Amino acid sequence: MKNLLLLFSLLAASFSHAQLLIEDPVSLKSMEVQGLSFSEVLFEKKLGNNKDLFNQTEYKALVADLESDLKELQAVDANLGPSMKYSHRLFDVRWLHSSSAMFELVGIVNRMDRAVFNPGTCGELRLIYRLSYEKNQGGALINSRLPMTANAVFKLPFKNSCKEIAAHWTQVSTSTLLEWTKKSHLKSLELNLQSVRWPSTVRGDMGGHAEYFMRVYRFADGKWAAAPLENTPNVEALNANSALKEELLSWLLKPQQIRALDEGTINIPEKFLARKVSSFALHGMNRLANRPFDSVFKKEDFQTIDYTKLKNIYGASSFRRRLNDMSCAGCHQGRTIAGFHFLGRDHAKTVFANSIFSSQSPHMMDEIPRRRKYWTAILEVKTADASRPFSERDPQKPGTLNAHCGLSSEYKAWTCAAGLKCTPVVNPEKNIEIGECLPETPMAGNPCEPGLISQTSNAHKDSLKPLAKTSCGPGMFCETTRVGFPAGMCSGGCGDLKPGETCGAIAVLVGFNNCLAKSRPFSQCLAENTRPGVLQACDDQTACRADYICMKTASGKGACIPPYFLFQLRVDGHPSPI
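Residues numbered from 1 in each chain as written. Predicted model: local features only at pLDDT ≥ 70, side-chain atom pairs only at ≥ 80, totals over all residues. Heavy atoms only, no water.

Caption draft 1: Layout of the overall build of the protein. The helix and strand inventory of the protein stands at 15 helices and 22 strands. On C-alpha atoms alone, the protein measures out to a radius of gyration of 23 Å, which is about the 25 Å that the 2.2 N^0.38 rule sets for 578 residues. Taking the principal axes of the C-alpha coordinates as reference, the protein spans close to 65 × 60 × 55 Å. Of all 578 residues assigned to the protein, the portion counted as buried reaches 58%. In the protein, 67% of the contacts between residues at least 6 apart in sequence involve partners at least 24 apart. (Helix = DSSP H or I, 4+ residues; strand = E, 2+ residues; numbered from the N terminus. Rg over C-alpha atoms; globule rule 2.2 N^0.38 Å. Buried < 20%, exposed > 50% of the residue type's maximum accessible area, 1.4 Å probe, protein only. Contact = heavy atoms within 4.5 Å.)

Caption draft 2: Up close: the sheet that holds strand β13 (residues 426-428). Reading across from one edge, β13-β15-β16 is the order of the three strands in this open sheet, with mixed pairing throughout. Among the strands making up the open sheet, the edge pair consists of β13 and β16 (463-466). The sheet shows a mean angle of 30 degrees between the axes of neighbouring strands, taken without regard to direction. Note: strand β15 (residues 451-454) against β16, four bridges, orientation antiparallel. The residue bridging Leu-452 from the neighbouring strand is Lys-465, located in β16. (Pairing = 2+ DSSP bridges. Axes fitted to C-alpha atoms, helices over the stretch in contact; angles between N-to-C directions.)

Caption draft 3: Region of the structure containing the state of the cysteines. If you walk through the whole model with that rule in mind, you get eight disulfides. Across a sulfur-sulfur distance of 2.1 Å, Cys-416 and Cys-437 are joined as a disulfide pair. Taking the torsion about the sulfur-sulfur bond, which here is approximately -90 degrees, the covalent link between Cys-416 and Cys-437 counts as left-handed. With Cys-416 in the loop between β11 (404-406) and β12 (420-423) and Cys-437 in strand β14 (residues 434-439), this residue pair connects regions lying 21 residues apart in the sequence. Cys-437 shares its class with Cys-416; the two are buried. Note on cysteine connectivity: Cys-472 is disulfide-linked to Cys-490, with sulfurs 2.1 Å apart. (Disulfide = S-S within 2.5 Å.)

Caption draft 4: Seen up close, the pairing of strand β6 (residues 140-157). When you tally the buried positions in β6, you get 13 out of 18 residues, the bulk of the element. Here strand β5 (residues 121-137) pairs with β6 via 14 bridges, running antiparallel. Bridge pairing in β6 places Glu-134 opposite Asn-143. Bridge count for β6 against strand β7 (residues 186-198) is seven bridges, and the pairing is antiparallel. Across the sheet, the residue bridging to Phe-154 is Leu-186, located in β7.

Caption draft 5: How the structure looks around the packing of helix α10 (residues 255-263) against helix α11 (residues 316-326). Between α10 and α11, whose axes approach to 10 Å, the crossing angle comes to 65 degrees. Here α11 runs roughly perpendicular to α10, going by the angle between their axes. Here α10 runs over α11; the crossing is left-handed. For the pair α10 and α11, the contacting residues are Ile-258, Leu-261, Asp-262 and Glu-263 in the first and Phe-319, Arg-322, Leu-323 and Met-326 in the second. Here the contact of α10 with α11 is composed, by residue class, of five nonpolar, no polar and three charged. (Parallel < 35°, antiparallel > 145°, perpendicular 65-115°, else oblique. Left-handed = near helix turned anticlockwise from the far one by under 90°. Nonpolar A, V, L, I, M, F, W, Y, C, P; charged D, E, K, R; others polar.)

Caption draft 6: Structural view of helix α2 (residues 25-36). Between its first and last C-alpha, α2 extends only 13 Å over twelve residues, short of the 16 Å set by a 1.5 Å rise per residue. Three or more residues of α2 are buried, namely Pro-25, Leu-28, Met-31, Glu-32, Gly-35 and Leu-36. Along the axis of α2, the buried positions cluster into a sector of 120 degrees, meaning they face one direction only. With respect to the buried face of α2, the exposed residues turned more than 90 degrees away are Val-26 and Val-33. Looking at the buried side of α2, the elements it contacts are β1 (21-22), α3 (38-43), β4 (101-111), β5 and α7 (174-180). (Expected span 1.5 Å × (residues − 1). Arc of directions from axis to C-beta.)

Caption draft 7: View of empty space enclosed by the protein. Throughout the structure, instances matching the rule amount to eight cavities of 30 Å³ or more. Here the largest cavity defines a volume of roughly 310 Å³. Lining the largest cavity are 27 residues, with His-283, Asn-286, His-404, Ala-546 and Asp-547 sitting closest to its centre. With three residues, β14 is the largest single contributor of residues to the lining of the largest cavity. By volume, the second largest cavity is sized at about 100 Å³. What lines the second largest cavity is a set of 15 residues, among which Arg-197, Gly-207, Gly-484, Tyr-564 and Phe-565 lie closest to the centre. (1 Å grid on protein atoms, 1.4 Å probe; cavity = no way out; pocket = protein on both sides within 12 Å on 5 of 7 lines; lining within 4 Å. Points joined across faces, edges and corners; volume = space filled by probe spheres on them.)

Caption draft 8: Representation of the pairing of β15 within the structure. When β13 meets β15, the two strands line up parallel, connected through three bridges. Among the inter-strand pairings, Asn-427 is bridged to a residue of β15, identified as Leu-452.

What follows is the structure in structure tokens.
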């Protein structure tokens, strides 16, 4: 009996310590040195920087494809260019072949739960790399990451069962990871890149604007080729071909596909999918460009479905929202960090005001427990449940601070926890259905400039109509959208802090940008152009609002701030790559 209890104790300990997400920078650097560098994993050569990598034919082809897409954007926008001389800032493709830049391993992710999308495997292993650089500027050494991730996806091999694979995650070793990342297991390379950023001085009504390339490449016959993006419709092709659109609609309305969509396991055939898309920030799923199925199907197309036996979908509107949620653009703009779900923990040497405190999006915070439950079932040789709720939130439990919640009857299951109320903040002009769980008594970090977005098929023409400002309460004021705080942000002095608040530094945006435009070091510009302010406190369990990020303060705590206030999450203001 004692031996059995000891076994259960050891098993429980292994569950609690299993690293289903490895993000410690020191551990990851050690793994890179041992063979998990970007160049070794994907190009089977140990190379020191992107200049060396650019000599590889396969990598050069990837860069050429991205460069072609960037030039297309520049060709139709005379204000777009790769420096702060331009009012619209373009990603500088020279970082991809600079001797000062490299792709740095920032995360290793267990996605055994994705076996449902990869029949005959034990799911996926994902290695996340961030584009980063180290460069001298004005006599100072500047190091920073850039808003680009490269996700190397490998299929975890099925042998006798998946229990053996699951068991390795109780204490995963570099040698095991090297075995799993053989080229024969490689599924794809997924890129997410901030291609364009307009500062709030240009798009004051929206608090700024940013665009993200989303690309998937597969390696075959000695080269990388653009591949379909999972569950992401080719809007242009579908709208140009009525027969193709009807075929997709008929497929979606089959009972087994309705169930799969409800469970979050639908896998739309590749013939209907796009190979290149962009997602758009700010204001996520309130932008039509991030809801591709809205441009293909009407809500009326889904009104004949019996919703009474579904768990996550409640009617025609949520059916279409669920489709959008499963697309790449919808998922990466629903409760994310500036278009990303994971950015990696920063090194200790990172300047605090350019350092991320919590590397995970609110969606990923909710996802980790679900993935752990799936992994535990595999380890115990039980039936594992691959179903998942909306990426925006789990309707099975009350929403915490800043969670999305329901304002219409169709989303009444999206409730808020005690002490919080569902409050409209920013919504599509004709579709006010989703709010945010906010405290009944205002606190730092709350939105204070609600508005309505007039959705257009061209995201550049979206506009936000302001509504009446909401009160921030005594002793606080509203940091406005026009200076870079999307939907406004309540703040004030760092005097008497309430629970859930902390003191941080707020950049004086105009002075900061003017300093960067003069090619002065980032740290100098920051030191000369910040002021203290009370902010919402955050950590790995307490998420920020949509369009905000948990940054590290001088005290080492987490505080919510707009993402583009962090140097590493904007394409502009960095030194020259060459």
